[in-house]
Amino acid sequence: MQGVGFRPFVHGLATGLGLAGFVRNDSDSVFVEVEGAIDRVAKFSERLLSDLPPLAIVESVEIIDLAVSDDHGFVIVESRRGATASTLVPADVATCDDCLAEVGDPDDRRYRYPFTNCTNCGPRFTIITGLPYDRPATTMAGFTMCPACDREYHDPTNRRFHAQPNACPECGPCLTLVSTTTSMNGSHMGDAALLRAQQILAAGGIVAVKGVGGFHLACDARDPDTVRRLRSRKGRADKPFALLAPDVASVEQIARVGPAENAALHSRARPIVLLTRLTNAAVAHNVAPRSSLVGVMLPSTPLHQLLLHAPPGGGPFCDLLVMTSGNLTDEPIAVDNDEALERLGALADAMLLHDRAVHLPCDDSVVRCFRGAELPIRRSRGYAPLPVRLDAPVRPVLAVGGEVKATFSLANGHHAWVSQHVGDMGNLETIQAFERSVQRFRNVYATSPEVVACDAHPGYYSARWAAAEAARLGVPLVRVQHHHAHVASLLAEQTGATGVTGPIIGIAFDGTGYGPDGAIWGGEVLVADLATFRRAAHLRYVPLPGGDATITRPYRAALAHLHAAGIAWDDRLAPVAACSAVERAVLLRQFSTGFGCVASSSMGRLFDAVAALAGCSPVVTYEAQAAMELEALATAHGPEDGYRFDTGPDGIIDAAPVLAAAAADAIAGISAGRIAARFHDAVAEMIAGVASDVGAKTGLTTVGLTGGVFQNVVLSELAAARLEEAGFTVLVHRKVPPNDGGLSLGQAVIAGRG
Ligand code: ZN
Ligand code: ZN
Ligand code: FE
């Protein structure tokens, strides 16, 4: 891995042991030659692996004996630019304690300098333009180091030896604050810009802040009026905003923080961690309306650290900020100063800019904690482009992912480089960002795909793009069934540790995926490996009214499921009451004729239906909102004996008894929490039952939980516990998200094999 201080570490180790030789970065490895007494060379080999610098990862070591060349001294020699460039690019890393100490020290030359970094921390992925990773191949190329920085850079004993983004207030990037409104005149530079931004935030203003991976919109998270203004400007009704908090102590004022959450908050990737909000949380209620979860991150850069702390000598500031992507809803994050002024000017009162380009846009990552470890929800800054190591090597392949939460994967040999979160492929800006990112990955990893993979859905933009790209490259296109890709992504990430090669029983539950029979799949139990899959069981098809209206209006999913189950549309049921008489008549005609309906086995829509029956929002404004509300209710309520699905010998899982029981509960006035808990229990019990049936027929003993539904940790826990009781080994996602953000990895390993 380049850019993690490996060469200075080797230099220090070799000179400490009195060994001669050199260390050099090649494009695909680090090459070290040492010469000296045999016991010292042995010691060197041992400590090379045991004393690694914090960010270094060694994948493999090859040792070759050489003839003695009678060298003296140990040197770091210039990088060689080779034909291949597969050396791992590091992800961006949160500021280290040493750098933070300097930023906080009035006597240090980097006091309050927002771009402070060293070999152990700072931006990497977002500033690298090519390999090998040296300053000319970064966005720091235009900043010439001052004599003091240059000395550090060339001193092997210094923490900044060969720290490519090394900078200081003399020579590095500089802040500018630009007003976007006439009421706040003028622009400020450097520390004055930072202080002015803090004043504006404290006065209830909205500031667009340029970070390392693009722009955020920031505002006071304790002031509901300010948060409301941000919501209306951004066009975002309910979707939770992420928060930036200075430390764990302040996070504990807002949400429950267990040991796993604490570790995730402090991890070098600094993701947004989804936490259970306290009822009396010291935060504006509308940062996450109708959600029991709140996403919080700790500062990942000195700029964020400085923004949250009192300026020297006092002055207004906010100690808790909303920090949401700098975009309009559904557009990609803005990266360019001019672009940001154009796109965010109307959203922000001021813009805190700097003069270092963002090479690759990179949103914040999002994780939840499940069974003491991270469950990725959005894998982006801090994780991308760290490769997933593949047990089974693949030929060069480009996999373009799905349509929402899109990522792509470029894989070759034992590495799959999964891209940062690109977004929803529904608008031109996202598509352009996707194309730029694909091109950059190809350049950085010098990989030319021999096959292109995409989803089997003919209507996905990504699939059409992939077809054109495959034709342009003259390589085959492989269309991968959606849920097979989900299961394959789970298999692909089980590297080394468990060594699962499949087949497994894959429980792939999500909202929507194209089925080969033209139906919308989403409640699938597959027997799958990387080569093939067989549909062993699935939710019974229910005709759903087509189009997006059913996704944003869970009450329609409820009416569809009630109708399919032969349950009357009783006015006492919340989803029935939420539907106008006119719409009911239209729906009834659709269901009886099948006109405008699509057969669907979607588990996501079943969650929507039950959420609506339990009295959750009949209309939602962001994806999976109803399911999240239902999970929150179940969490608050605690475990319950569940409803029961009816699974036939043919593997058709019928939800009708669940719907009937939930509707009866709702009419009987049973609490929403109890209905939610009983439903979660039902799904978990059904998973265990179906897995046992399939296991008995196939002899398989491993079950994988994948698909967007398994972002739900209540369900994941209930299902995993029951499966383990039944003797199964349970696989869950730890490296890529269970949602469509993980699809590209699955597509890559399927299309790239053999
Ligand atoms: Zn540092
Ligand atoms: Zn400098
Ligand atoms: Fe999916």
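Remember, predicted model here, so these are calculated numbers, not experimental data.

This part takes up the coordination of the iron ion (ligand 3). The expected angle between donors at a tetrahedral four-coordinate metal is 109.5 degrees. At an octahedral six-coordinate metal it is 90 or 180 degrees. Surrounding the iron ion (ligand 3) are the protein donor atoms His 482 (NE2), His 486 (NE2), Asp 510 (OD) and Asp 740 (OD), at 2.1 to 2.2 Å. Around the iron ion (ligand 3) sit four donor atoms; with metal-centred angles ranging over 88 to 171°, the donor geometry is irregular. Each donor residue of the iron ion (ligand 3) lies on the same chain, and together they follow the pattern H-x3-H-x23-D-x229-D. In this pair, His 486 is assigned in helix α13 (residues 482–492) and Asp 740 in the loop between β27 (729–731) and α23 (743–752), connecting sequence segments 254 residues apart. Judged by its relative accessible area of 0%, His 486 falls in the buried class.

In this structure, Cys 96 (SG), Cys 99 (SG), Cys 118 (SG) and Cys 121 (SG) serve as the protein donors to the zinc ion (ligand 1), at separations of 2.2 to 2.3 Å. Read in sequence order, the donor residues coordinating the zinc ion (ligand 1) give the pattern C-x2-C-x18-C-x2-C. Of this pair, Cys 99 sits in helix α3 (residues 97–103) while Cys 118 sits in the loop between α3 and α4 (147–154); the two residues are 19 residues apart in sequence, bridging distant segments of the chain.

Reading across the sheet, the three strands line up as β2-β1-β3 and stay open at both edges, with mixed pairing between neighbours. Of all strands in the sheet, those with a lone pairing partner are β2 (30–35) and β3 (74–77), marking the two edges. Across the sheet, the mean angle separating the axes of adjacent strands is 10° when strand polarity is ignored. In the sheet, strand β1 (residues 20–25) pairs with β3 via four bridges, with the strands oriented parallel. Bridge pairing links Gly 21 to Phe 74 in β3. Its contacts with the sheet place helix α1 (residues 6–16) against β1, β2 and β3, and it is angled at close to 165° to β3.

Counting through the fold element by element, Leu 344 comes out in helix α10 (residues 337–344). Taking relative accessible area as the criterion, Leu 344 reaches 0% and is therefore assigned buried. For the pair Leu 344 and Thr 180, spaced 164 residues apart in sequence, the C-alpha to C-alpha distance is 9.3 Å.

Evaluated as defined, the whole model comprises 32 salt bridges. Measuring nitrogen to oxygen at the nearest pair gives 2.7 Å for the salt bridge that ties Arg 110 to Glu 152. Residue Arg 110 is found in the loop between α3 and α4, and its partner Glu 152 is found in helix α4; the two are separated by 42 residues along the sequence. Accessibility classification places Arg 110 together with Glu 152 in one group, the buried group. Asp 191 serves as the salt-bridge partner of Arg 112, at 3.1 Å between the closest nitrogen and oxygen. Highlighted residues: Arg 112 in the loop between α3 and α4 and Asp 191 in helix α5 (residues 190–202), separated in sequence by 79 residues. Assessed through its relative accessible area of 33%, Asp 191 is described here as partly exposed. Counted as one network, the salt bridges with shared partners bring together Asp 98, Glu 102, Arg 109, Arg 110, Glu 152, Arg 159 and Arg 160.

Cut-offs and rules
- Residues numbered from 1 in each chain as written.
- Chains lettered and ligands numbered in written order.
- Predicted model: local features only at pLDDT ≥ 70, side-chain atom pairs only at ≥ 80, totals over all residues.
- Heavy atoms only, no water.
- Donors = N, O, S within 2.8 Å, 3.2 Å for Na, K, Ca; no water.
- Tetrahedral: all angles 85-135°; square planar, octahedral: opposite > 155°, others 65-115°.
- Helix = DSSP H or I, 4+ residues; strand = E, 2+ residues; numbered from the N terminus.
- Buried < 20%, exposed > 50% of the residue type's maximum accessible area, 1.4 Å probe, protein only.
- Pairing = 2+ DSSP bridges.
- Axes fitted to C-alpha atoms, helices over the stretch in contact; angles between N-to-C directions.
- Contact = heavy atoms within 4.5 Å.
- Salt bridge = Lys/Arg side-chain N within 4 Å of Asp/Glu carboxyl O.

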